[in-house]
Each structure stands twice: as C-alpha cells, then as structure tokens.
Amino acid sequence: MMCAHRRLTAALLVALLSVIAAPGARAQPTHRAAEALTTCAGTNTVRFDPGLRLLPRQVGISGSGAYDCASTDPAITSGTSVVTGSGALGCLTSDGSTTEVITWNTGEQSRLAYTFALIVQPGGEAVVVVVGSVEAGKFAGSPIASPGAQVTLTPLRCLTDTGVELITGPSTLLIG
C-alpha cells in the first residue's frame, strides 16, 4: 500500500509541475504517471454561484471536465466529469467540499471523494491539488490525485458585486 502511495505522490508531483510549467498547454499522461491504474489529462471548467468576491461568502460550485486517458483497463480511453459542491469561497481563500463523478467512455462511472485539498487562489485563479479515493464505481477503493490550474480572464471582477463566475484550464487525474 505504501509503495502505491509513493508512486501516486511521484506521479502527482510530475503532473503538477507540468500543469504549473505550461498552464496554457494541454498536459499528456507521462510514463511515470502511467504506473497509476488510470492517468488522464484534460480540461476543467468551474462555475461559481454567486461569483467569487474578494472576501469569502457561501458559494455553490458546479463544473465539468473532459479527459483523455491511459489505463490498465485498455477499454478506458477517455472520460467526462461533473463537479458539484459548495463552501465559503472567495478570490483569495477557499473552504468548501466537492464531489466529482467521472463517466468513462465505456459508460461506467467513478464517484471521487477528496479528503485533502491544497488550493492556492490568487485573484480568482486556482492552482489545485486534491487527494482522496474512488468512493464508488469503477476503480472503487483506489487512491486518487488531481492537480490542475483553472484561471479567469477577468480577475478584477473579484472587486465587483458580481465577482468571478467562471474559471477554466488544464487538469490531470491520477487513479491508483
């Protein structure tokens, strides 16, 4: 079990560095990350209702993602995700919870439960690392990690009543 966590941690660090180093590029699964059961690279879009303002307030989260994947199950080649959640969120801090459901190209699903989140959120941008496990469905019980960088084109909206309502960008999903 510890060996699997070390491989997952190493793969997470490689993926996070690739996301941070080239935030505009779409990341591809790496050889090291391929040690996971499934490694996916794609894009996530997250909506906030109401929008993120400078100071935290209660906000609903909804979003979606699309991934290209490499897996120990050769039938798994892609997936789409739906993210829902809520919390006390602002343009500088984030304290919320989310659920992500992945629907694989095979029609199978995985429900992800994140137990640790590191979110750096300067000006409405989000550099995210979340870790947890597959709670139900395909790959149930497997550890997961998901680094990503979602950005807004309008960070000054943090200073308005409307706030930042949408962020989007690359994301990686590592299962196993």
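No experiment lies behind these values; they were computed from the predicted model shown.

### Concerning the packing of aromatic side chains
Consideration 1: Counting across every chain of the model gives 1 aromatic pair.
Consideration 2: Ring centres of W104 and F139 lie 5.9 Å apart, and the angle between their planes is 90°; on these two criteria the pair is classed as edge-to-face. With W104 in strand β4 (residues 94-104) and F139 in the loop between β6 (126-137) and β7 (143-150), this pair connects stretches of sequence that are 35 residues apart. Each member of the pair, W104 as well as F139, is classed as buried.
Consideration 3: In this arrangement the basic side chain of K138 is found over the ring face of F139, its NZ or CZ atom lying 5.2 Å from the centre.

### Comments concerning the pairing of strand β3 (residues 78-89)
Consideration 1: Note that strand β2 (residues 57-71) and β3 share 12 bridges and pair antiparallel. Note that in β3 the partner of G63 across the bridge is V83.
Consideration 2: Counting the residues that bridge the hairpin from β2 to β3 gives 6 residues.
Consideration 3: Here β3 pairs with β4 via 11 bridges, running antiparallel. Note on β4: the bridge partner recorded for V83 is E100.

### Digging into unusual backbone geometry
Consideration 1: Along the chain, D49 connects to P50 via a cis peptide bond; the corresponding omega equals -5°.
Consideration 2: Note on placement: P50 falls in strand β1 (residues 38-52).
Consideration 3: Despite not being glycine, F139 shows a phi value in the positive range, around 70°.

### Concerning the confidence of the model for the chain
Consideration 1: Residue-level pLDDT values for the chain average 78, and 73% of them are 70 or greater.
Consideration 2: Summarising per-element confidence for the chain, the mean pLDDT is lowest in helix α1 (residues 2-21) (38) and highest in β2 (95).
Consideration 3: Every residue in residues 1-35 is under pLDDT 50, and counting partners more than four places away or in other chains gives 47 contacts.

### Focus: the environment of G132
Consideration 1: In this fold, G132 is placed in strand β6.
Consideration 2: By relative accessible area, which is 11% here, G132 ends up buried.
Consideration 3: Residues G132 and Y114, spaced 18 residues apart in sequence, show a C-alpha to C-alpha distance of 4.2 Å.
Consideration 4: Contacts of G132, omitting those with residues within four sequence positions, involve A113, Y114, T115, S142, P143 and I144.

Basis of the calculations
Residues numbered from 1 in each chain as written. Predicted model: local features only at pLDDT ≥ 70, side-chain atom pairs only at ≥ 80, totals over all residues. Heavy atoms only, no water. Phe/Tyr/Trp six-rings, centres within 6.5 Å; stacked < 30°, edge-to-face > 60°. Helix = DSSP H or I, 4+ residues; strand = E, 2+ residues; numbered from the N terminus. Buried < 20%, exposed > 50% of the residue type's maximum accessible area, 1.4 Å probe, protein only. Lys NZ or Arg CZ within 6 Å of the ring centre and 35° of its normal. Pairing = 2+ DSSP bridges. pLDDT = per-residue confidence, 0-100. Contact = heavy atoms within 4.5 Å.

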